[in-house]
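Single-letter residue listing:
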Amino acid sequence: MNSTLSRFWFCLALTLLSCPSATAGDVVVISNSEITVSPDEVADIYTGEKQFSGSTQLIPVDNAALQEGFLSAFMQMDTVKYNRLWTRKLFRDGLARPSMKSGDVAVSAYVRRTPGAIGYVSTIPPGVKVIQIISVQ
Amino acid sequence: MPALAATDSERINEMQRQIDGLRNEIHQVTEMAHRSGHGAGLPLHGFMDIGFSLNTQGDPVANPPGFYLGSLSLYLSPDFGDNVKSLVEPHFEATSQGATSTDIERLQIGYTFSDAATVWGGRFHTPYGYWNTAFHHGAQMQASVFRPRFLDFEDEGGVLPAHTVGLWGTGKFRTDSGRFTYDVFIGNGHTITGAANLGNPASQTLGILDPNNSGDRDHSAIAGLNAGYEFSGNMSGLRLAIHGLSGNIDTETPTKFYETGLNVTGGSAVYVTNDWEVMSEYYRFADKDKTDATGTHNSWAGYMQVGVIYNDLTPYVRLEKAMLNQKDIYFSSQENGQSYSRQALGLRYNLNPNTAMKLELLNSRFLPDAARTALAYRSLHVQYSIGF
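Described below are features of the structure shown in this document. (Residues numbered from 1 in each chain as written. Chains lettered and ligands numbered in written order. Predicted model: local features only at pLDDT ≥ 70, side-chain atom pairs only at ≥ 80, totals over all residues. Heavy atoms only, no water.)

## Thoughts on the overall build of chain B
Link 1 in the chain: A count of helical and extended segments in chain B gives three helices and 18 strands.
Link 2 in the chain: The globule rule puts the C-alpha radius of gyration for 388 residues at 21 Å, and the 27 Å found for chain B is more than 25% above it.
Link 3 in the chain: Taken along the three principal axes of its C-alpha coordinates, chain B extends 115 × 50 × 45 Å.
Link 4 in the chain: Taken across its 388 residues, chain B has 48% of its residues classed as buried.
Link 5 in the chain: Taking all contacts inside chain B whose residues are at least 6 apart in sequence as the whole, residues at least 24 apart take part in 57%.
Link 6 in the chain: When the accessible surface of chain B is summed, it comes to about 18,300 Å², and 61% of that surface belongs to carbon and sulfur atoms.
Link 7 in the chain: The average position of the 27 basic charges and that of the 40 acidic charges among the side chains of chain B differ by 6 Å. (Helix = DSSP H or I, 4+ residues; strand = E, 2+ residues; numbered from the N terminus. Rg over C-alpha atoms; globule rule 2.2 N^0.38 Å. Buried < 20%, exposed > 50% of the residue type's maximum accessible area, 1.4 Å probe, protein only. Contact = heavy atoms within 4.5 Å. Areas by Shrake-Rupley, 256 points an atom, 1.4 Å probe, with all protein chains shown as cover. Lys, Arg positive; Asp, Glu negative; His and termini not counted. Charge placed at Lys NZ, Arg CZ, Asp CG, Glu CD.)

Written as structure tokens, this is what we have:
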């Protein structure tokens, strides 16, 4: 019994250690579990340069509560430049800008249920893939 | 009891099946709502500008001073939520005669196969150089008041086929140090319309390029490519490209039909960062006279513009020059085909992210030739432009 219990705690500790975790001030980039996106593709996706993962169309969404920190950390730009970039993308290439979600709950729910979706939140939600965690402090 | 347990088990299984079914239906309805949301409603965007001009030319008909209406360019880009894309750009502007002209500047329907391949069909901005597909008709997007004159649209001073009706393939390939980009296109060959009595300076009328929207009436296609490389890392913002286009351009006059083999090659170098906007393009023409067999005539045109971005202020300077051989019927039959040089000095100020006020000084000098007179003047232009 003791041996079984020890094995359980060991496995639990190993699982928790191997899982990525976010702390306050982090931005966690997540994707729908059906696609695979690498961290160095995030900026390309949010600038409309990368639109597909395999044959799945990528659908980036913005998080109103975290957009400023995300743009600064991942894209090295502010919201003015980001909006200008997407105005140009829309006018030049007919690409739709990422839709704006109100916060973590809306982004997590959308990414979980939408094939090809990618978003960013402050804590890791269940049922999605974590692409990258970056501190914005 | 065992019989009851079996019944309960069946009921539980049945309920589980129903819950799974409902869950599946909810998922499908949610997905449908999400998908249909892409096509529900169509946001209207556009660009608009007005302005004021003064000049030393002293010809109030050809170059009238005073306040003027620029253009209103709308763009509609329905989002189908999948690989299908479309883009429509209706454009309204005041002509120099004071009338209002309406044009469908772009009408494109496309299909994206991957990041490396999108195919568009319809009327699009011909993908040569940089400016023509970077700023389109949106004055608010570009730093300067005007485009380089030789790159202007066909009915506003340009000498190149700025619009093409046909097919356009475009895409990008990621590499370790940047992106390789390409554009290839094929479309209706253009026609120079409105020309008459060519070669008779006293009575001649010059024409403009027509992209033949409703079909290639003279069966002369035009094709071209633009291949470039966008650097990343330390050289991020730098783009180098080469371009070329070739095709038969016909000049129609009431008494004679001329055919020119248009051959354009050149390149562009662009460096755009948060602090700098440097753009340059070069075009070399080797046009073959296919009517009177006078041979191949060489011409060239180019510009360089440098802008420095200080927050909302962008001072800029531009040099442009076009040496257009008048033995080439492609230029001599065009209203805008006169050789010229121009220097521009300007300042752009962003009142907010969607509004810009610009001031531009131009020094223009048009060279004389057998059928045109020399002209030199300075002009000042103020433009108030918005994007919405």
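## Considering unusual backbone geometry
Link 1 in the chain: Notably, A:Gln76 is not glycine yet its phi reads approximately 50°, a positive angle.
Link 2 in the chain: As for its placement among the helices and strands, A:Gln76 is situated in the loop between helix H3 (67-75) and helix H4 (79-93).
Link 3 in the chain: In this structure A:Gln76 comes out as exposed when scored by relative accessible area, which is 56%.
Link 4 in the chain: In this structure, B:Ala293 is a non-glycine residue whose phi angle is positive, near 50°.
Link 5 in the chain: Tracing the backbone through its elements, the reader meets B:Ala293 in the loop between strand S13 (276-289) and strand S14 (296-308).

## Examining the interface of chain B and chain A
Link 1 in the chain: The interface of chain B with chain A comprises 35 residues on the first partner and 25 residues on the second.
Link 2 in the chain: For the pair chain B and chain A, the summed buried surface comes to about 2,500 Å²; carbon and sulfur atoms form 49% of the total.
Link 3 in the chain: Here chain B is connected to chain A by four salt bridges.
Link 4 in the chain: As a salt-bridge pair, B:Asp115 and A:Lys50 come within 3.7 Å of each other at their nearest N and O atoms.
Link 5 in the chain: Looking at the side of chain B that touches chain A, the elements that each hand over two or more residues are helix H1 (2-39), strand S1 (45-55), strand S2 (66-75), strand S3 (84-94), strand S4 (100-114), helix H2 (131-134) and strand S6 (163-175) of chain B.
Link 6 in the chain: Per-element accounting of the side of chain B that touches chain A gives the leading share, four residues, to H1(B).
Link 7 in the chain: For the side of chain B that touches chain A, the residue count by class is nine nonpolar, 16 polar and 10 charged. (Buried area = accessible area lost by both parts, 1.4 Å probe. Salt bridge = Lys/Arg side-chain N within 4 Å of Asp/Glu carboxyl O. Nonpolar A, V, L, I, M, F, W, Y, C, P; charged D, E, K, R; others polar.)

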